[in-house]
Amino acid sequence: MTDSVKRPIPKKKQIEQLRKEINYHNHRYYVLDDPEISDAQYDHLLTELINLEQLNPELITIDSPTQRVGGEPLPEFGEVKHRVPMLSLNNVFSDEEFQEFNHRLCETLDVDTIDYVAEPKLDGLAISLLYENGVLIRAATRGDGSSGEDVTQNVRTIQSIPLKLQGEDYPAILEVRGEVFMPKDGFEKLNYRQLEKGEKAFVNPRNAAAGSLRQLDSKVTATRPLKFYCYGWGYIESMVFPKLHSEMMEHLREWGFPVQPDLEVVKGVKGCHEYYKALVDRRNQLPYEIDGIVYKVNRLDLQADLGFVSRAPRFAIARKFPPQEEVTRVLAIDVQVGRTGALTPVARLEPVFVGGVTVTNATLHNEDEAQRKDVRVGDYVVVRRAGDVIPEVASVVLSKRRHDNAPFKMPVHCPVCGSDVERGEGETISRCSGGLFCPQQSIEAIKHFASRRAMDIAGLGDKLVEQLVENGLLSDVSGLYTLTASQLSKLERMAEKSADNLIAALEKSKNTTLPRFLFALGIREVGETTAHNLANFYGTLDKIKQASREELQEVPDIGTVVAAHIITFFHQSHNIEVIDRLLESGVNWPDIEVSDIDCKPLAGKTFVVTGTLSTLSRQEAKELLQKLGAKVSGSVSKKTDYLVAGEKAGSKLDKAEALGVEVLDEEGFLRMIDKENE
Ligand code: IVH
């Protein structure tokens, strides 16, 4: 009898135990970055808790880890009065200013050196979190410093913010302060999603963090990649304070708060300076944006002695980094013509110092980008330069726009040669249709021909190419090898010696290789790799010139588009004339040994690969076959020997069956490959 009577485990205990376990793993994952269990195991625990809570709704509490998903949308945010005001920081912008700050404090406190807590200054927004008996009960923004907005529902969705504190020794009432921010990678992904949905991208991670936290619908906030680091505290009840700020931060860490891993205690001006130097160097590698360093006097008694000036503490200072964003004016939008005729709109800017360099231009990439950003001549724009990245226009300051600033339009004629501008359907790039008739396209083509990885003509720089074309000494690349030293030395800033050197370099460049020569021709989308593949596949320029579109597609990495560009190039008589003149001038290359195709096991066999293969990609299958000497073609014909058909093979399979071509499934294909490889 006793056997059949099971003592029920009290549900409340079971739920509490589960919550404790989940909170523990949550902290390991989101705060310590050091998970102990797999995501699946974690999800399993959470599902178990959700189920138990659904069956026992009376046991749901606000600190349960199930309460992070966001609630009903709010009509508006409530107001929260801060019991201890949320202050701001005074800034310094140079080492000298920081030294003065330190000197002032030393005098006031009558000490020789001061220990500081140094931390990165995160570029997010300040938040105050109120815990009663270890449970998060309210979160508020800074607002005007004395009262802010109640964003509790939203803050609950940020996984690194504890809903329940760890340990036992936390104070009964604890107000924690810190920064909510969006890491760089999360920001990129969010913007990608926004654009995909047809919504506006955020200008920078700070705006994205602010916009996400100030959502009335917390379910939206829950989808945003927000993080939190605490850097201080506000109102606290029932606690014996430690002596040092850094010790208090240790307590906060123990209670489960994320504290910046880069927090350090440093000694005096020298220590601060070293910390600054090291962090500036690492700035662009950090996963989040920072705009400086915050130094705080470490001894809490000294902090108290120093007190506050108006709205900022005297014991702390922000040492700001050079700005990576500045506002400047758009003087003009020029349209540049590239080697293949691609037109690129470029904003000419009033010079502005940003991210350590003076910026005068910023690319607007293409017509769509320029229109998406809606940059207009006369506009004030935010220019940003992060790290080594090319400076870009981040956004327009719309409030400063004059009503007569006209929207940007791509010209219908090439700004250099007047030829029609074309933009293919579904393409983003507009092009000048002038080809080598366009002097700018010629200039760019010659620069490319001469460049190091192409014909490598030492001493023929961009400026010189422009001079030669502008002076009528050169109109296409074939003219290079008929230039004489006396012609060259007549050019401005060209000494006799340099003219001789250039002639020697031209002579030397004639001995080249077929891949270099092919690359130098500047065929659209034929980069170095494709040039290599072409050369190794065919061995001679003549064979490449004669190859059909279908045959070209048998070359590794060449698809329909590139094949079409190659065909177009060799079908234009002026290109053939240029090549002939180059060869007549003595451009030459050693023969290429095309690997002995006939000896390979699948030599002479033509394959077509279609459908989805499960063990390798179609490209990999193609390469394997080519290694064994087979030809791989894009379409099924009577000449096809085998069709390799993966899952969801469509019309090619029908055609092969109709023509009686042998069809191999994946298994059959792999068996054949294995056999031939032996
Ligand atoms: S300490 C009395 N530490 O910077 C104010 N602030 O410009 C104490 N901030 O409102 C602030 N990172 O939002 C401190 N490590 C850090 C910080 C930091 C970012 C923000 C904070 C503050 C603003 C002042």
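Residues numbered from 1 in each chain as written. Predicted model: local features only at pLDDT ≥ 70, side-chain atom pairs only at ≥ 80, totals over all residues. Heavy atoms only, no water.

Trainee: Give a detailed account of unusual backbone geometry, specifying residues and quantitative values.
Mentor: The backbone phi angle of Arg493 is positive, close to 60 degrees, even though this residue is not glycine. Locating Arg493 in the fold gives a position in the loop between helix 14 (485-489) and helix 15 (496-509). Look at Arg493 and you get exposed, because its relative accessible area is 73%. At Glu525, a residue that is not glycine, the phi angle is positive and equals roughly 65 degrees. Along the polypeptide, Glu525 turns up in the loop between helix 16 (514-520) and helix 17 (528-538). (Helix = DSSP H or I, 4+ residues; strand = E, 2+ residues; numbered from the N terminus. Buried < 20%, exposed > 50% of the residue type's maximum accessible area, 1.4 Å probe, protein only.)

Trainee: Describe the site of the ligand, with residues and values.
Mentor: Near the ligand the following residues occur: Leu87, Leu89, Glu119, Pro120, Lys121, Leu122, Ala126, Glu179, Tyr231, Val294, Lys296 and Pro313. One nitrogen or oxygen atom from the main chain of Leu122 is found 3.1 Å from a nitrogen atom belonging to the ligand. Between the ligand and Lys296 there is a distance of 3.2 Å, counted from a nitrogen atom to a side-chain nitrogen or oxygen. Burial of the ligand by the protein amounts to 85% of the accessible area it has alone, namely 520 Å². Elements with a contribution of two residues or more to the shell around the ligand: strand 3 (115-122) and strand 10 (290-297). Among the elements that take part in the shell around the ligand, strand 3 stands out by supplying four residues, more than any other. (Near = heavy atom within 4 Å. Polar contact = N/O pair within 3.5 Å; in protein donor to acceptor, adjacent residues only side chain to side chain. Areas by Shrake-Rupley, 256 points an atom, 1.4 Å probe, with all protein chains shown as cover.)

Trainee: Go over the pairing of strand 5 (residues 135-141) with me, naming the residues and quoting the values.
Mentor: Taken across its seven residues, strand 5 has five buried, putting it largely inside the fold. Two strands pair when backbone bridges link them, and strand 4 (residues 125-132) and strand 5 are joined in this way by six bridges, in the antiparallel orientation. If you follow Leu129 over to strand 5, its bridge partner there is Ala139. Taking the residues that link successive antiparallel strands as the turn, the strand 4-strand 5 hairpin has two residues, and the phi of Asn133 there is positive, at about 50 degrees. (Pairing = 2+ DSSP bridges.)

Trainee: Outline the packing of helix 3 (residues 95-109) against helix 9 (residues 268-282), listing residues and values.
Mentor: Two numbers describe how helix 3 lies on helix 9: the axes approach to 10 Å, and their chain directions differ by 145 degrees. In the packing of helix 3 onto helix 9, the handedness of the crossing is right-handed. Of the residues in helix 9, those in contact with Asp95, Phe98, Gln99 and Asn102 of helix 3 are Val269, Cys272 and His273. (Axes fitted to C-alpha atoms, helices over the stretch in contact; angles between N-to-C directions. Left-handed = near helix turned anticlockwise from the far one by under 90°. Contact = heavy atoms within 4.5 Å.)

Trainee: Any details on the pattern of salt bridges? Residues and values, ideally.
Mentor: Scanning the entire structure with this criterion turns up 34 salt bridges. Residue Lys12 is joined to Glu16 by a salt bridge in which the shortest nitrogen-to-oxygen separation is 3.8 Å. With Lys12 and Glu16 both in helix 1 (residues 11-31) and four residues apart, this pair spans about one turn of that helix. What makes Lys12 exposed here is its relative accessible area of 51%. (Salt bridge = Lys/Arg side-chain N within 4 Å of Asp/Glu carboxyl O.)

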